[in-house]
Amino acid sequence: MDNEQNSQQTHTHDEFERRPVPQSALLGFKSFIGMYAGEHCAGTELMIGPLFVAAGVSAFDVVVGLIVGNALAVLSWMFLCAPIATRTRLTLYYQLEKICGRKLVTLYNLANGVMFCFLAGAMITVSATAVGVWFKFPMPRLNDLYPNSVGWVIAVLVVGFLIAIVAAYGYKTVAKFANIASPWMVLVFLAFGLIGLRQFIDSTGVEIKSLSDVWHLAETHMWKGGDPQEGQIKFTFWHIAFFAWFCNMAMHIGMSDLSVFRYAKKSWYAIASAAGMYVGHFMAWLSASILYAYQLHLDPTNTDVLPGPLAYRAAGLAGLICVIIAGWTTANPTIYRAGLAFQAIMPKKSRFAITFATGMLATAAGMFPAIAMKLLGFVALYGLLLMPMGAVIFVDFWLIKKLGLQSSYAEVSKKSFNWAAGLAWFLTLGICLWLVKTDRVQIYFVSLPGWFFAAFLYILLSAIYQRQVYSMTWFRLLAQAASWLALAVLVGMPILFLFGDRELGVTKTVLFGVSILWFVGASLWMWKNNDSQ
């Protein structure tokens, strides 16, 4: 234990950003338990739990769905992310740079930084709802997209400004305070659930003599199922299970936590993620949902999802303080991470300036309640955005050499943009978003087939790109024929629709498909083959 502490002190200022973590800097199992338990019991849990109730979940669906989904998340960390992390011991960004090239990683950093900003904005929104309890200004309702009062804008601006300043000046101090506050926050979340349960018992007059009585109360009064609130999607067991699994998709399947588990002595240390999943994404979500269910029990017309009033009704000032601290301590590292992603794009700018600007961008996002009120969909979108790159890393590490191709191709070939990885990312995202937009697959489910599609696409495109099949005459002629066919269909489908031979939905689908075919095919024979980047 002393050796481990000494090694940590020795490497305090060395983050090993561009080299493997040495043996002397590895951490023990307890370090990961504490980190995951604290990281995943955050301000956003106070939004997610109530939104489950607003989505009309039943007791069985929410309880069993969370058990199954969180187990799948832990297994994803254990068998997808951690084995690669403990073998390469590299950060996500350096691993991606070796595979994809610096220019493509710059795009990834930009996307990651923007999504971090929006997520931090939701956390600022959570903290601002506690301020609203004290100053009693109008706060956003469940389906509000825009700020609805000057008081709300001022509250978010003040809270966000303070969070941005602290993130820019004193991230380490906040991190230490978060470690101190974490056990307290976990127990306050537990208190929310216990107090809410007691309030239900007193309000309904139900006698509790066994666990079966508690379950009956849960089925009949807390998570009753039925129709969702207006503007919400109906959630079933599958929605809950997939949401619990994929809400942290960016971290495990998307491989962001390569940067975390590179410090683990053994890959099985990833089981420590269960501390976060079953404390934050089970207990905390259920506790927060009980508070909202009780609010609806008292007044079915009060559908507002506002963590501040919910916490105050259950635990008074301690609840309000928990809301503020939970939002603050989780928004700070999120803003810090977003700042690092942006700084990688603009390395000559000062860390303070970039982090502060990032915090104010997150503050601007927090003024718009649509992000927090639609947090379930936003979290799913965040995972979807980064998922294809996780598939690229997985294939590049485990499969690409076995298929006779070169791993870490950008590093070996000195290319700044690996088109195989880039197209696998862009095409997978485009097709998945189209499936969601056209209501063919809901956003909560599309990432699973999307991962396999991205993996297949990366293998196929790597074979074409690395072996320079694209420069062969037969391939270029095939690409030219395909692109001209795409243009013919692009003209033909509207004509068929004009004469009533095709439905509008089919026409839209075909037009989208041939548009992708045109840009991919035409790029292969029209774009100058410039490999000297």
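Residues numbered from 1 in each chain as written. Predicted model: local features only at pLDDT ≥ 70, side-chain atom pairs only at ≥ 80, totals over all residues. Heavy atoms only, no water.

Notes on the overall build of the protein chain
Going by this rule: Numbering goes from the N terminus for both helices and strands, where a helix is a DSSP run of H or I of at least four residues and a strand is a run of E of at least two. For the radius of gyration, the atom set is restricted to C-alpha positions; the globular benchmark scales as 2.2 Å times the number of residues to the power 0.38. Note on exposure labels: buried denotes an accessible area under 20% of the residue type's maximum, exposed denotes more than 50%, and partly exposed covers the range between, all computed with a 1.4 Å probe on protein chains only. Contact criterion: two residues are considered in contact whenever any of their non-hydrogen atoms come within 4.5 Å of each other. Note on areas: these come from Shrake-Rupley sampling with a 1.4 Å probe, and a residue is covered only by the protein chains present in the view. The charge count includes Lys and Arg as positive and Asp and Glu as negative, but it does not include His or the ends of the chains. Here the site of a charge means atom NZ of a Lys, CZ of an Arg, CG of an Asp or CD of a Glu.
Counting secondary structure elements, the protein chain contains 21 helices and 0 strands. Its C-alpha atoms give the protein chain a radius of gyration of 25 Å, within 12% of the compact-globule value 24 Å for 533 residues. Projected onto its principal axes, the C-alpha positions of the protein chain cover 80 × 75 × 45 Å. Within the protein chain, buried positions represent 53% of all 533 residues. For the protein chain, contacts bridging at least 24 residues in sequence account for 82% of all contacts bridging at least 6. Within the structure as shown, the protein chain displays about 23700 Å² of accessible surface, and the carbon and sulfur contribution to it stands at 68%. Across the protein chain, the centroid of the 36 positively charged side chains sits 12 Å from that of the 25 negatively charged ones.

Some thoughts on the packing of helix H4 (residues 59–88) against helix H12 (residues 273–298)
Keep this limit in mind: As a rule, the C-alpha atoms of each element are fitted with a line to give its axis, helices using only the stretch in contact, and angles between N-to-C directions run from 0 to 180 degrees. To sort the angles, those under 35 degrees are grouped as roughly parallel, those over 145 as roughly antiparallel, those from 65 to 115 as roughly perpendicular, and the leftovers as oblique. By convention, the crossing between two helices is left-handed when the near helix turns anticlockwise from the far helix through less than a right angle, and right-handed when the turn is clockwise. By the convention adopted, Pro, Cys, Tyr, Trp, Phe, Met, Ile, Leu, Val and Ala count as nonpolar, Lys, Arg, Asp and Glu as charged, and the other residues, Gly among them, as polar.
At a minimum axis separation of 9 Å, H4 and H12 run at an interaxial angle of 160 degrees. In terms of axis orientation, H4 runs roughly antiparallel to H12. In this structure, H4 crosses over H12, and the sense of that crossing is right-handed. Here Val62, Val63, Leu66, Ile67, Asn70, Ala71, Ala73, Val74 and Trp77 of H4 come into contact with H12, specifically with Ser273, Ala274, Met277, Tyr278, His281, Phe282, Trp285 and Leu286. Residue composition of the contact of H4 with H12, by class: 14 nonpolar, 3 polar and no charged.

Description of a nonpolar patch on the surface
Put simply, the rule reads: A residue counts toward a patch only above 30% relative accessible area and without a salt bridge, and it is joined to like-charged neighbours within 9 Å or, for Val, Leu, Ile, Met, Phe, Trp and Tyr, to nonpolar neighbours within 5 Å. Criterion for a salt bridge: a side-chain nitrogen of Lys or Arg within 4 Å of a carboxyl oxygen of Asp or Glu.
A surface patch of nonpolar side chains, amounting to about 660 Å² of accessible area, comprises Trp134, Phe135, Trp184, Tyr312, Leu317 and Ile321. Elements with a minimum of two residues in the nonpolar patch: helix H6 (102–135) and helix H13 (307–345). In terms of residue count, the dominant contributor to the nonpolar patch is H13 (3 residues). One can find Tyr312 in helix H13. Assessed through its relative accessible area of 41%, Tyr312 is described here as partly exposed.

Side note on the side chain of Thr129
Spelled out, the test is: A 3.5 Å cut-off defines polar contacts: any pair of N or O atoms within that distance qualifies, except that in protein one atom must be a possible hydrogen donor and the other a possible acceptor, and neighbouring residues in sequence count only when both atoms are side-chain atoms.
With respect to the element layout, Thr129 can be found in helix H6. In terms of polar contacts, Thr129 uses its side chain to reach the backbone carbonyl oxygen of Val126, at 2.6 Å.

Focus: the nonpolar core
Side chains of a nonpolar character, in soluble globular proteins, are inclined to be buried together. Heads up, the condition is: For our purposes a nonpolar core is just a set of buried Ala, Val, Leu, Ile, Met, Phe, Trp, Tyr and Cys residues, chained together by side-chain atoms within 4.5 Å.
Phe52, Trp223 and Phe261 are the most contacted members of the largest nonpolar core, which has 168 residues in total. The leading source of residues in this core is H6, at 17 residues. Sequence-distant contacts of Phe52, that is, excluding residues within four places in its chain, are made with Val57, Val62, Leu66, Phe235, Ile240, Phe243, Trp285 and Leu376. With 6 residues, the next largest nonpolar core counts Ala479, Val514, Trp518 and Ala522 among its residues.

Looking at helix H7 (residues 150–169)
Short version of the rule: To estimate the expected span of a helix, count its residues, drop one, and scale the result by 1.5 Å.
With 20 residues, H7 should cover 28 Å at 1.5 Å per step; its first-to-last C-alpha distance of 28 Å lies within 8% of that length. For H7, the full list of buried residues reads Trp152, Ala155, Val156, Val159, Gly160, Ile163, Ala164, Ala167 and Ala168.

Quick look at H6
With 34 residues, H6 should reach 50 Å at 1.5 Å per residue; the first-to-last C-alpha distance of 48 Å fits that figure. Within H6, 25 of the 34 residues are buried, which leaves it mostly tucked inside the rest of the structure. Looking one or two places after H6, you find Lys136, whose phi comes out positive at around 55 degrees.

Concerning the state of the cysteines
This is how it is decided: Throughout, disulfides are identified as pairs of cysteine sulfur atoms within 2.5 Å of each other.
In the structure shown here, the tally under the stated rule is 0 disulfides. Between Cys81, a free cysteine, and Cys247, which holds the nearest cysteine sulfur, the sulfur-to-sulfur gap is 15 Å.

Observations regarding the pattern of salt bridges
Applying the stated criterion across every chain yields a total of 6 salt bridges. Arg18 serves as the salt-bridge partner of Glu97, at 2.9 Å between the closest nitrogen and oxygen. In this pair, Glu97 is assigned in helix H5 (residues 92–100) and Arg18 in the loop between helix H1 (2–10) and helix H2 (29–39), connecting sequence segments 79 residues apart. According to the relative accessible area criterion, Glu97 is buried, its value standing at 16%. Within this structure, Arg18, Glu97 and Arg102 form a network of salt bridges that share partners.

As for the side chain of Thr88
Within the secondary structure, Thr88 sits in helix H4. With residues up to four places along the chain from it excluded, the contact list for Thr88 reads Pro20, Gln95 and Phe397.

Structural notes on the confidence of the model for the protein chain
Keep this limit in mind: pLDDT expresses how confident the predictor is about each individual residue, on a scale running from 0 to 100.
Residues of the protein chain with pLDDT of at least 70 account for 95%, and the chain-wide mean is 91. Residue range residues 1–13 is modelled with pLDDT below 50. Its contacts to residues more than four positions away, or to other chains, number 13 contacts. A low-confidence stretch, residues 529–533 stays under pLDDT 50, and its non-local contacts, those more than four residues away or across chains, total 10 contacts.

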